Amino acid sequence: MTDAGAGLPSGLTTAWSRPVGWILDHLVYRTTVTGRTNVPTGGPVIFAGNHISFLDGPVMFGAAPRPMHILVKQEMFKGFLGRVLTASGQLPVDRRGDRAALQRCKDVLDAGRCVGILPEGTRGSGAAADINGGVAWLALNSGAPVVPVAILGTRQGDEHLDFVPRPGRRFHVSFGSALTLARRAGETGRASMDRAAQDIRAALAGHVQDTIQLSGQTLPFADHKDLTAVAGDAGR
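Rules of the game
- Residues numbered from 1 in each chain as written.
- Predicted model: local features only at pLDDT ≥ 70, side-chain atom pairs only at ≥ 80, totals over all residues.
- Heavy atoms only, no water.
- Helix = DSSP H or I, 4+ residues; strand = E, 2+ residues; numbered from the N terminus.
- Buried < 20%, exposed > 50% of the residue type's maximum accessible area, 1.4 Å probe, protein only.
- Core = buried A, V, L, I, M, F, W, Y, C linked by side-chain atoms within 4.5 Å.
- Contact = heavy atoms within 4.5 Å.
- Pairing = 2+ DSSP bridges.
- Axes fitted to C-alpha atoms, helices over the stretch in contact; angles between N-to-C directions.
- Parallel < 35°, antiparallel > 145°, perpendicular 65-115°, else oblique.

1. Quick notes on the side chain of serine 88
Mapped onto the elements, serine 88 comes out in the loop between helix H3 (79-87) and strand E6 (91-93). Judged by its relative accessible area of 6%, serine 88 is buried.

Next comes the structure, spelled out in structure tokens:
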């Protein structure tokens, strides 16, 4: 369902799906939400969350004080689940690189709406040690503020990346202070992107650590694949 003439998801998509997100957060699981007042009450917003579980997107969606359209890997848009994602206004993205998906997100932001993104790209420890450049491109080209979102509890300890928590587990979602980024005079596009990505990564990583201290919940262990990637990067 799209808005006529705009190619955007209809505003009605989040009208029915937001209550479903609330039910997931507060009836299926027990989610503590902090920092809602940090979210601008109007205009476009980019929500940038850490990524530890496939539940992170839905949990962030249900906890946010404003509706959002979340970038979801295109492989999920198949069968019944794909129809649900489309009907709820979520946006498919090819994680190998998808400029068209980013442009569609910019169109959503230009319309004054909110976009959700998990810029680490894949599930891991959730410490935001690295993020992709898509969120920086969106922030610089839309002018929308970025709100870092810390998500804890959706995966713990050495639980497998595909682990589904039992109902009743306690989650914690915290919205940090909004960060607005802009290009600087005389700065190249590449330098602007690198700086913006580093600023967003630092804000998200710092907010995750602050939320750990606040909530008493910890991040899960990185899986073997993540540890191998880190070791490979260290050897370069």
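2. Concerning the nonpolar core
Of all hydrophobic cores here, the largest spans 27 residues; its most connected members are Ile46, Leu71, Val135, Leu138 and Ile200. Contributing elements (two or more residues each) for this core: strand E4 (45-49), E6, helix H4 (99-110), strand E7 (114-117), helix H5 (134-142) and helix H6 (189-215). With six residues, H5 is the largest single contributor of residues to this core. Contact partners of leucine 71, with chain neighbours within four places excluded, come to Leu91, Pro92, Val93, Ala101, Cys105, Gly116 and Ile117. With 24 residues, the next largest nonpolar core counts Leu24, Tyr29, Leu55 and Phe61 among its residues.

3. A closer look at the pairing of strand E9 (residues 170-175)
For E9, the buried fraction is high: five of the six residues fall into the buried class. Pairing analysis gives five bridges linking strand E3 (residues 30-34) to E9, with the strands arranged parallel. Bridging across to E9, threonine 34 finds its partner in serine 174. With four bridges connecting them, strand E8 (residues 146-152) and E9 associate as antiparallel partners. In the strand pairing of E9, isoleucine 151 is matched with valine 173.

4. Points about the packing of H5 against H6
Two elements in contact, H5 and H6, have axes separated by 8 Å at closest approach and are oriented at 110°. Our classification of the angle between H5 and H6 gives roughly perpendicular. Residues Val135, Ala136, Trp137, Ala139 and Leu140 of H5 form the contact with H6, whose participating residues are Ser192, Met193, Ala196, Ala197 and Ile200.

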